[in-house]
Amino acid sequence: MSVNKVILVGNVGKDAEVRHIDSGVAVATFPLATSETYTAKSGEKVTNTEWHNVVAWRGLAEFAGKYITKGKQLFIEGRIRTRSYDDKDGVKRYTTEILADSIQMLGRKEQGNDNNQPANDYQTNSPEKDSVSEDFVGDDTGDDLPF
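Per chain, the residues get numbers from 1 upward, laid out in the order the sequence is written. Per-residue local features are limited, in this predicted model, to residues with pLDDT of at least 70; the limit for side-chain atom pairs, both in listing and counting, is 80 or more; totals at the level of whole chains, interfaces and linings are taken over all residues. Side-chain numbers here rest on the full set of heavy atoms in the structure, without hydrogens or water.

### What to know about the overall build of the protein chain
(1) Moving on: Counting secondary structure elements, the protein chain contains 1 helix and 7 strands.
(2) Moving on: For helices the rule is a DSSP run of H or I covering at least 4 residues; for strands it is a run of E covering at least 2, with both sets numbered from the N terminus onward. Listing the helices and strands of the protein chain from first to last along the sequence gives β-β-β-β-α-β-β-β.
(3) Moving on: A buried classification covers 39% of the 147 residues belonging to the protein chain.
(4) Moving on: Sequence separation of 24 or more characterises 59% of the internal contacts of the protein chain that already satisfy a separation of 6 or more. Partly exposed describes any residue whose relative accessible area lies between the buried limit of under 20% and the exposed limit of over 50%, with all areas from a 1.4 Å probe on protein chains only and scaled to the type maximum. Residue contacts follow a heavy-atom distance rule, with two residues in contact if any of their heavy atoms lie within 4.5 Å.

### Comments concerning the environment of Asp 87
(1) Moving on: Note on placement: Asp 87 falls in the loop between β5 (73–86) and β6 (92–105).
(2) Moving on: Judged by its relative accessible area of 13%, Asp 87 falls in the buried class.
(3) Moving on: Whenever a nitrogen or oxygen atom comes within 3.5 Å of another N or O atom, the pair is scored as a polar contact, on the condition that within protein one atom can donate a hydrogen and the other can accept it, and that pairs from neighbouring residues in sequence are kept only if both atoms are in side chains. Reaching out from Asp 87, the side chain makes a polar contact with the backbone nitrogen of Val 91 at a distance of 2.8 Å.

### Describing the side chain of His 52
(1) Moving on: With respect to the helices, strands and loops of the structure, His 52 is situated in strand β4 (residues 45–57).
(2) Moving on: His 52 gets classed as buried once you look at its relative accessible area, which sits at 15%.
(3) Moving on: There is a polar contact of 2.8 Å between the side chain of His 52 and the side chain of Thr 34.
(4) Moving on: Dropping the residues within four chain positions of it, His 52 is found in contact with Leu 8, Phe 30, Pro 31, Leu 32, Thr 34 and Ile 98.

### Looking at the nonpolar core
(1) Moving on: Only buried residues count toward a nonpolar core. Its members are Ala, Val, Leu, Ile, Met, Phe, Trp, Tyr and Cys residues joined through side-chain atoms within 4.5 Å. In terms of nonpolar packing, the biggest core is built from 22 residues, with Phe 30, Ile 68, Leu 74, Ile 76 and Ile 103 touching the most fellow members.
(2) Moving on: When contributions to this core are tallied by element, the ones reaching two or more residues are β1 (6–12), β3 (26–39), β4, α1 (58–67), β5 and β6.
(3) Moving on: Sort the elements by how many residues they give to this core and α1 lands first, with 5 residues.
(4) Moving on: Listed in part, the 6 residues of the second largest apolar core include Val 25, Val 27, Trp 57 and Leu 99.

### Brief notes about the packing of aromatic side chains
(1) Moving on: For Phe, Tyr and Trp, rings pair up if their centres lie within 6.5 Å, where Trp contributes its six-membered ring, and each pair is then called stacked (planes under 30 degrees apart), edge-to-face (over 60) or tilted (otherwise). Across all of its chains, the model carries 1 aromatic pair by this definition.
(2) Moving on: Considering the side-chain rings of Phe 63 and Tyr 67, the 5.2 Å spacing of their centres and the 45° angle between planes classify their relative orientation as tilted. Of this pair, Phe 63 and Tyr 67 both sit in helix α1, 4 residues apart, which is roughly one turn of the helix. For the residue pair Phe 63 and Tyr 67, the accessibility class agrees, reading buried in each case.

### What about the pairing of β1?
Looking along a regular strand, one sees side chains alternate from face to face of the sheet.
(1) Moving on: Paired strands, in this sense, are two strands between which DSSP finds at least two bridges. Relative to β5, β1 runs antiparallel, the two being bridged by 6 bridges. Note on β5: the bridge partner recorded for Val 9 is Phe 75.
(2) Moving on: In this sheet, β3 lies alongside β1 in antiparallel orientation, the contact comprising 2 bridges. Among the inter-strand pairings, Val 12 is bridged to a residue of β3, identified as Leu 32.

### Description of unusual backbone geometry
(1) Moving on: You will see that Arg 58, though not glycine, has its phi angle at about 55°, which is positive.
(2) Moving on: On the basis of relative accessible area, Arg 58 is assigned to the buried category, the value being 14%.

### Section: the pairing of β5
(1) Moving on: Relative to β6, β5 is paired through 13 bridges, and the arrangement is antiparallel. Across the sheet, residue Arg 81 finds its bridge partner in β6, namely Glu 97.

### A few points about the environment of Lys 92
(1) Moving on: Along the polypeptide, Lys 92 turns up in strand β6.
(2) Moving on: What Lys 92 contacts, discounting residues up to four positions off in sequence, is Ser 84, Tyr 85 and Asp 86.

Here's what the structure looks like:
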């Protein structure tokens with residue numbers, strides 16, 4: 001038996017980008033930052049930030065395109081996937097992604113923007129497991145920076 005389960009709480013690094021693959025299925029991608037802070041022996045506070053590439057499919061991708069913008073705080077449940085691709089020079093590259101199964105908005109509801117914001121406890125679940133994702137070929141540039 002094995003388990004591939006990821007739970008992340010972090011902040012969005014840039015607005016979600018939505019594309020549609022040849023079959024018309026929506027796929028959204030966005031970077032999510034998680035940070036941990038600790039006090040070093042010297043007494044100095046140190047913060048380490050880890051960037052995660054998040055991928056959402058179908059209805060969850062449409063939700064991401066509509067509501068997920070830079071700075072939003074999210075709770076994400078999903079799975080880790082590492083895949084390879086050939087860059088523009090033909091060099092094999094690898095990327096590790098979080099395949100989102102559910103996304104929940106955290107933080108306060110924005111003032112005066114009620115028509116464009118889901119409720120704070122709004123959760124969107126992927127209707128089915130990611131059966132199309134293996135066919136997705138990203139246009140990754142090999143750049144590890146989320147901006």
